[in-house]
Amino acid sequence: MKILKLQFKNINSLKGEHEVDFTKAPFVQNNLFAITGPTGSGKTTLLDVISLALFNQVPRLGRMSNTEVVKKGAILTRNQSEAYAQVTYSCAQGKFCSRWEISTARTGNLRDYQMFLSDLVTNSSLDLKKLDVPTKNEELIGLNYEQFIKSVVLAQGDFAKFLQVKKDERGELLEKITGTGIYRELGKLAYFTYKEMEKGIHEQKMKINTIEEQLIPEKEYTEKSSQAKNQKTNQEQLQKKIALLQLQIKDKNDLTKLLDAQQGLLQQQEKNKTQWQDFEKEKGLALKKHQDLQGFTEEIHQWKNDTKQLNDFQKKKEEYQKSLQELKTKIQENKNRFLRIFGLEITDTNFQERLNNYKQKLRALYEKRGSILSEYKGLGKNIGLELKEFQIELNIQNPQETLQQVERFILQNKEESESLKTRYSFADSTSVELEQEKIQLQLKQIRTAERSSLEIEEIKKEVDKLTKELTANKANITDFPAQIEGLGQQEKLLSAQLEAKENAKKVVDLQKKLEDYRKDLQPETPCPLCGSQEHPYATHLPQTENDLELGIKKLRSDVKECQQQLTKIKTQLEETTKKNKQLEESISSKQEQFKTKKESYQNAFRAHLKQWEERSFSDLEEELNAKYKALHDFGKLQQHELQLEKNRKALHELADLLAQGTEVKEAIREHYQGVDFEAEISDLEQGYLRTQQNISLLIKNKAENENALNQLDGQHQHRSSNLLNNLTQLKYSSIFEATKNLLPHLLVNQYQEEKQQLKNLEISLQTRLKESKKQEETLNEKVVKQALSELETSLETQHVQLQKVEEELSELQRILKNQEEYQITIKKLKEKISEQLKVNKRWEILNQLIGDAKGKKFNDYAQDLTLSQLLILANKRLVLLTDRYKMDKPLTDEDDSLVAIDEHMGGQRRSVKTLSGGETFLLSLALALALSDFASRNVEINSLFIDEGFGTLDPETLDQTLDTLEVLQAKSSKMIGVISHVASLKERIATQIQLSQNGQGYSSLKVV
């Protein structure tokens, strides 16, 4: 994986859009580059852009969202409304571009961030949700976020700490750096899983103990079993006795019920006889008369139907006569309405001819009126629209009134036009557009000249301003040479005084070294150095020492202050002199510019200069603008004159149409006074025709009804005569009398069913009485002689005894059943414990090997292996940095920190705590590079950023380290970026990404 390009906008302190293209110069020529700049300038922001665009995470802040951006005040540059981070990279799968962006809505709130991923080989955007982009990048690169940070961005701070910490802390750091915390979790999992399983077995054993406490002794269990068997025998014997008593009681009760039932059957038999007599008296005779008439039923029904039809035909005859009279009255009313409304006197023969002539005449008048009205409305609408421009409202009912208003406007328009002609010398032939174009050209020329004149004035003002500033600066530095000379002399004097004081101090210091001799001096004994027998300073030390110290300090302060003032004045003189030179150059340049601009202005506008000198540009512009407006007004007045004249002619036409419409309206009024001609004429015509049709149809129906009536009447008389002759034989004097004895079909069925039910009931009662007598004989043979009350008392006694026996048996069975269930449960629990112990054995061994409550045992073992592998890789890297040291794990009797083996000292082992800062940096850099190799052992990483630590190296070691990085870069073709603020890096590494700060808190980026 290799990073090809960074593009971002408004990220942290880097305001605006920035781009770093690693595929172009100078990165193509040199893949080792430095990211330099002062603290806080945004060096680490470049790394933030990479991780943000790929994984939506920043090492110092974690996963980002709009809420996190607002809460932490990070990522989005202050006072900016949008930001993005974009990384182009290549990998085994191709070339891709990953982008992260965020923006502010109109409300001022941040929208949610968005992420996009594009395939640059196919030039297509991958269809992914924003949450899927980091996962896709991880898949393409072959590293997750944690692995990527450890493989691509190397921070020496963690490794410098890693070298020196104790073993326990080193394990935690190694776990954090390598991301191998899973070993700790596995150790904890082994421990707690085993403990949980042991706890489960313990709980099962406790259950067994609890159940065993509830078991009864074996002897007691045998006794209970015997008791239960005896009670079971007693229960069976009692149940047999109870069953016999219940059967005897049942036979007694059945006999009693049987005798009661026999009595009931005899009563029902008497009741049925009474019901049969009543039926014969009330319904039997009527049913017999109906059955005698069964042979003539169809003829009687036909006679009844004919009689009903004759009555219906007679009623229709009367209805037809009445309706015919009503229609004749209605047709006369219709003729009267034609005469009253339309003035038409019509008959049945001339109706259609007279009506058609009348309709044709009126419709022609209405059509003519409609045509005039349509033309009138259309013309009025057009006139009204055109007059709206003049704020004239058309009076559609009285066009003459509107015509007078238009004529007044025509007169007023003409007066305004004549006024403009007189004031500006316009003529009817004046071309408004051509004159306006000429004015626009003049205005453009005047405005161009005005801008040039203002530019010349501005240049002149700048020259005056710069000249004043130059004069003031020259006046300010006039006294500087004298001040510099005076301060120089003062510095020399103070330096001489300081030198004298320091010499005196040296003498005093020399005397202080003789204090040891003073302690041994004895009164009147010669001094071993000078031989004097007087020792004035043996007991009292001189006080000049403190005075000398104070004097030296004051003189040093005075010299320093004098030097500072001298440096300040020299700096001011140098800066002011430099600035004056710049001012002189600017003045000369501006004067030349002023001369050029003025000559160009005079040459361009020579023909108008005299005129423009007499009048200001604003006056000329105002005059031309006024004339331009007057031309616009004049043109508008000409258009209005044409429009008003056109509308005046149209209003005359509108008045003529109104007169024509009035004439047609009067012609219609002479023939028709109603409101809706077509509706009324159509309604009367349709009514007349419908009434005529109804009359014809009614006459036809009346004739048909009379024919049917006459035919049916003859048939009915013949059928009545024959039927009456037959009924006379049954002693009926009339057909109507016979019809009274015919019963309805449902009633006949009802009577017959009721008669049959009475017969069936009598047969059933006789049969049941015979059966009951037989049962009585059988029961008399079975029933015992003992009284029923005695049997019931004996049964109750047996029930009480049985209940007592069953209760005792139930309790015994409960105890025995519980004993059996407890024993089965204990057996199952023991089998389960046995099986669980086999499973637990594996976890017990695993717990003994790697398990503990904190996961420390397995983690220490795993981290020790990881550390060994990491140190092998680190020593390979360290050989390139220095041939003096190797790294190793500490032995049992050594300090907990890692050990450095000093090859220059015969392989001496020493703690890394004894190394200098530069040596520590070299070891930590080797570790960092080794971790990058370790984390990316399955993925080729061709981009590497090294952060922190170069400030601790001496020049020689720094050169050696950079040489190593250059060799590493050359051998591996890696692109290596070194992040540091060390000044010497700028000289050694030619390719740089330089970041600098301005006074507003923002930073800028430059590639050199």
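Residues numbered from 1 in each chain as written. Predicted model: local features only at pLDDT ≥ 70, side-chain atom pairs only at ≥ 80, totals over all residues. Heavy atoms only, no water.

With that settled, the discussion passes to the overall build of the chain. Within the chain one finds 25 helices and 17 strands. Among the 1008 residues that make up the chain, the fraction classed as buried is 36%. Sequence separation of at least 24 residues holds for 72% of the intrachain contacts in the chain that already meet a minimum separation of 6. (Helix = DSSP H or I, 4+ residues; strand = E, 2+ residues; numbered from the N terminus. Buried < 20%, exposed > 50% of the residue type's maximum accessible area, 1.4 Å probe, protein only. Contact = heavy atoms within 4.5 Å.)

Tallying each qualifying case throughout the model produces eight aromatic pairs. With a centroid separation of 4.9 Å and an interplanar angle of 70 degrees, the aromatic rings of Phe 22 and Phe 27 are classed as edge-to-face. Taking relative accessible area as the criterion, Phe 22 reaches 6% and is therefore assigned buried. Here Phe 27 falls in the buried class, since its relative accessible area comes to 1%. Here a set of aromatic residues connected by ring pairs shows up, and it is made of Phe 22, Phe 27, Phe 33 and Phe 945. A cation over an aromatic ring shows up here: Lys 130 above the ring of Tyr 113, its NZ or CZ 4.5 Å from the ring centre. (Phe/Tyr/Trp six-rings, centres within 6.5 Å; stacked < 30°, edge-to-face > 60°. Lys NZ or Arg CZ within 6 Å of the ring centre and 35° of its normal.)

This next bit is on helix α11 (residues 399-424). Taking 1.5 Å of rise per residue, the 26 residues of α11 would be expected to cover 38 Å, and the 38 Å separating its terminal C-alpha atoms lies within 8% of that figure. The set of residues buried in α11 consists of Pro 399, Thr 402, Leu 403, Val 406, Ile 410, Asn 413, Ser 417, Leu 420 and Lys 421. Where α11 ends, the next residue or the one after it, Ser 425, has phi of about 60 degrees, a positive value. (Expected span 1.5 Å × (residues − 1).)

Residues Met 115, Leu 117 and Asp 119 point to one face of strand β8 (residues 114-119) and are all buried, whereas Gln 114, Phe 116 and Ser 118, pointing to the other face, are not buried. Summarising the sheet, strand β7 (residues 94-103) and β8 pair through six bridges and their orientation is antiparallel. Pairing of Phe 96 across the sheet is with Asp 119, part of β8. Bridging between β8 and strand β9 (residues 124-125) involves two bridges; their strand directions are antiparallel. Bridge pairing links Ser 118 to Ser 125 in β9. (Pairing = 2+ DSSP bridges.)

Considering all chains together, one arrives at 23 salt bridges under this definition. Between Arg 909 and Asp 888 there is a salt bridge, with its nearest N and O atoms 3.0 Å apart. Of this pair, Arg 909 sits in strand β13 (residues 908-911) while Asp 888 sits in strand β11 (residues 885-888), and the two are 21 residues apart along the sequence. Overall, Arg 909 belongs to the partly exposed group, its relative accessible area being 28%. Assessed through its relative accessible area of 26%, Asp 888 is described here as partly exposed. A salt bridge links Arg 910 to Asp 902, with the nearest nitrogen and oxygen atoms 3.5 Å apart. Where salt bridges share partners, they join Lys 5, Asp 21 and Lys 24 into one cluster. (Salt bridge = Lys/Arg side-chain N within 4 Å of Asp/Glu carboxyl O.)

By the element assignment, Gln 819 lies in helix α21 (residues 788-850). The class for Gln 819 is buried, based on a relative accessible area of 3%. Once you skip the residues sitting within four places of it in the chain, Gln 819 turns out to touch Leu 215, Ile 216 and Tyr 221.

Bringing the environment of Gly 94 into the picture now. As for its placement among the helices and strands, Gly 94 is situated in strand β7. Residues Gly 94 and Leu 140, spaced 46 residues apart in sequence, show a C-alpha to C-alpha distance of 8.7 Å. With residues up to four places along the chain from it excluded, the contact list for Gly 94 reads Tyr 89 and Val 121.

Time to look at the sheet that holds β13. By definition, the strands of a sheet pair up through backbone hydrogen bonds, in either a parallel or an antiparallel sense. The three strands are arranged β11-β12-β13 in an open sheet whose pairing can be described as antiparallel. Of all strands in the sheet, those bounded by a partner on one side alone are β11 and β13. Mean inter-strand twist for the sheet, computed between neighbouring axes without regard to direction, equals 35 degrees. Pairing geometry for β11 and strand β12 (residues 899-902), over four bridges, is antiparallel. Bridged to Tyr 885 within β12 is Asp 902. (Axes fitted to C-alpha atoms, helices over the stretch in contact; angles between N-to-C directions.)

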